[in-house]
Amino acid sequence: MGGDHVEDIYTVEGVCETRFNSTRETIYVKWHKLSECHHVRASVERQMGLVKSKRVKAIIVDVSTARGVPDQATQEWFGEVVFPAYEDHGLKALINIVP
């Protein structure tokens, strides 16, 4: 990624790292603990903000080593708020890396 501009947009040690590569218009999220729903929402809200600003074309979410799952309310929030916002604001790809 020589020459790429990468910034940390939301990181909590042991929970997640969320980085935005403005050169590639991509967000990369590495989850370690998905049951920390307040952190899930905070990270995703930052991601949605960048998608809404038309600065992001793809989000790569790595849950390959993550533990736990978001609670039911957070899962419903994804379906009712997050995914429609991504679609409405032109996100081209949402890629999940699973075990």
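Refer to the preceding data block for the structure.
Residues numbered from 1 in each chain as written. Predicted model: local features only at pLDDT ≥ 70, side-chain atom pairs only at ≥ 80, totals over all residues. Heavy atoms only, no water.

Engineer: Describe the overall build of the protein, naming the residues involved and giving the relevant values.
Structural biologist: Broken down by element type, the protein carries two helices and five strands. Walking the protein from its N terminus toward its C terminus, one meets helices and strands in the order β-β-β-α-β-α-β. Along the first, second and third principal axes, the C-alpha set of the protein runs to 35 × 30 × 20 Å. In the protein, which comprises 99 residues, the share counted as buried stands at 38%. Pairs at least 24 residues apart make up 62% of the contacts formed inside the protein by residues separated by at least 6 positions. Looking at the protein as shown, the accessible area adds up to about 5,700 Å², and 52% of this sits on carbon and sulfur atoms. (Helix = DSSP H or I, 4+ residues; strand = E, 2+ residues; numbered from the N terminus. Buried < 20%, exposed > 50% of the residue type's maximum accessible area, 1.4 Å probe, protein only. Contact = heavy atoms within 4.5 Å. Areas by Shrake-Rupley, 256 points an atom, 1.4 Å probe, with all protein chains shown as cover.)

Engineer: I'd love a proper account of the environment of Lys 30, names of residues and values included.
Structural biologist: Positionally, Lys 30 belongs in strand β3 (residues 26-31). In sequence terms Lys 30 and Val 15 are 15 residues apart; their C-alpha atoms lie 8.5 Å from each other. When neighbours within four sequence positions are excluded, Lys 30 is seen to be in contact with Val 15, Cys 16, Glu 17, Asp 62, Ser 64 and Thr 65. A distance of 2.9 Å separates a polar atom in the side chain of Lys 30 from a polar atom in the side chain of Thr 65. (Polar contact = N/O pair within 3.5 Å; in protein donor to acceptor, adjacent residues only side chain to side chain.)

Engineer: Describe the state of the cysteines, naming the residues involved and giving the relevant values.
Structural biologist: A full pass over the atoms with the stated rule returns zero disulfides. You can see Cys 16 has no disulfide; the closest cysteine sulfur is in Cys 37, sitting 12 Å from it. Accessibility expressed as a relative area gives 11% for Cys 37, which makes it buried. (Disulfide = S-S within 2.5 Å.)

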